[in-house]
Amino acid sequence: CDVYDIATKSPDWQGPAWYRMLPPAGIMMPQKTPGRQRCGTGMAGWLDGQHPEIQFQTTVNARVCFDIDFGPDSNCFQESTTNITNCGQFYVYQLQDTPYCDARYCSYDPVELNMDEVEEKLTGEDLL
């Protein structure tokens, strides 16, 4: 983004580091694509895998996909990796820079939004 002098970086983004997702954006990454033009971006980042179930003991490596929705095979147009730790009531993610300026990581609250409804109802709230 700096190359093109475009101010699309979230003010919460501090570069590659460990992050905790917080309301009102949500508390965890969706494990299903929310679709294109969601989470306040053209390329929505979602977790292509599972969150760790064991608290405080497990950090898992997972793939993050960025959906550009050019067709049936573009739900993972670009990808990155993340480490995820289950901290009991929340998860922390070791996030990398996104592959494009218009890509962001999505988050949602599973209490407020059923995973089956993510694609239909994710409103554009995002943390990063």
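Residues numbered from 1 in each chain as written. Predicted model: local features only at pLDDT ≥ 70, side-chain atom pairs only at ≥ 80, totals over all residues. Heavy atoms only, no water.

Colleague: Before we move on, could you go through the side chain of asparagine 86 and cite the residues and values that matter?
Modeller: For asparagine 86, the position within the fold is in strand S4 (residues 78-86). In this structure asparagine 86 comes out as buried when scored by relative accessible area, which is 5%. One polar contact links the side chain of asparagine 86 to the main-chain carbonyl oxygen of glutamate 53, over a distance of 3.2 Å. Those residues within four positions of asparagine 86 in sequence are excluded, and the remaining contacts are Pro52, Glu53, Ile54, Gln55, Phe56, Thr58 and Tyr91. (Helix = DSSP H or I, 4+ residues; strand = E, 2+ residues; numbered from the N terminus. Buried < 20%, exposed > 50% of the residue type's maximum accessible area, 1.4 Å probe, protein only. Polar contact = N/O pair within 3.5 Å; in protein donor to acceptor, adjacent residues only side chain to side chain. Contact = heavy atoms within 4.5 Å.)

Colleague: Outline the state of the cysteines, supporting the account with residue identities and numerical values.
Modeller: Within the structure shown, the criterion is met by one disulfide. Between the sulfur atoms of cysteine 65 and its disulfide mate cysteine 76 the distance is 2.1 Å. On the S-S bond that ties cysteine 65 to cysteine 76, the torsion sits near -75 degrees, and the link is left-handed. Highlighted residues: cysteine 65 in strand S3 (residues 59-67) and cysteine 76 in the loop between S3 and S4, separated in sequence by 11 residues. Classification of cysteine 76 as partly exposed rests on a relative accessible area of 22%. (Disulfide = S-S within 2.5 Å.)

Colleague: Outline the nonpolar core, supporting the account with residue identities and numerical values.
Modeller: By size, the foremost hydrophobic cluster in this structure holds 18 residues, and its most contacted members are Met21, Met29, Phe66, Ile84, Tyr93, Leu95 and Tyr105. For this core, the secondary structure elements donating two or more residues are strand S2 (43-48), S3, strand S5 (91-95) and strand S6 (103-105). (Core = buried A, V, L, I, M, F, W, Y, C linked by side-chain atoms within 4.5 Å.)

Colleague: A description of the confidence of the model for the protein should follow, citing residues and the corresponding values.
Modeller: On average, the protein scores 79 in pLDDT, and the residues at 70 or more come to 75%. Segment residues 1-5 is flagged for pLDDT under 50; beyond a separation of four residues in sequence, or across chains, it makes three contacts in the model. This stretch, residues 118-128, has a pLDDT under 50; its non-local contacts, to residues over four places away or in other chains, come to 45 contacts. (pLDDT = per-residue confidence, 0-100.)

Colleague: Before we move on, can you summarise the sheet that holds S5 with the specific residues and values?
Modeller: Taken in spatial order, the six strands of this open sheet run S1-S5-S4-S3-S2-S6, and their pairing is mixed. If you trace the sheet from one side to the other, it starts and ends with strand S1 (17-20) and S6, each paired once. In this sheet, adjacent strand axes meet at a mean angle of 35 degrees when their direction is disregarded. As paired elements, S1 and S5 share four bridges and run antiparallel to each other. Note on S5: the bridge partner recorded for tyrosine 19 is tyrosine 93. (Pairing = 2+ DSSP bridges. Axes fitted to C-alpha atoms, helices over the stretch in contact; angles between N-to-C directions.)

Colleague: Go over the pairing of S5 with me, naming the residues and quoting the values.
Modeller: Across a regular strand the side chains alternate sides, sitting on one face of the sheet and then on the other. Burial within S5 is extensive, with four of its five residues counted as buried. Pairing geometry for S4 and S5, over four bridges, is antiparallel. Each residue of the ladder has a partner; that of asparagine 83, found in S5, is glutamine 94. In this antiparallel pair of consecutive strands, S4 and S5, the connection spans four residues, and glycine 88 shows a positive phi of 95 degrees.

Colleague: I'd like a description of unusual backbone geometry, backed by residues and values.
Modeller: Of note, the amide linkage connecting proline 23 to proline 24 takes the cis form, showing an omega dihedral of 10 degrees. Tracing the chain through its elements places proline 24 in the loop between S1 and S2. Although it is not a glycine, phenylalanine 56 adopts a positive phi angle of roughly 65 degrees. Given the relative accessible area of 59%, phenylalanine 56 is considered exposed.

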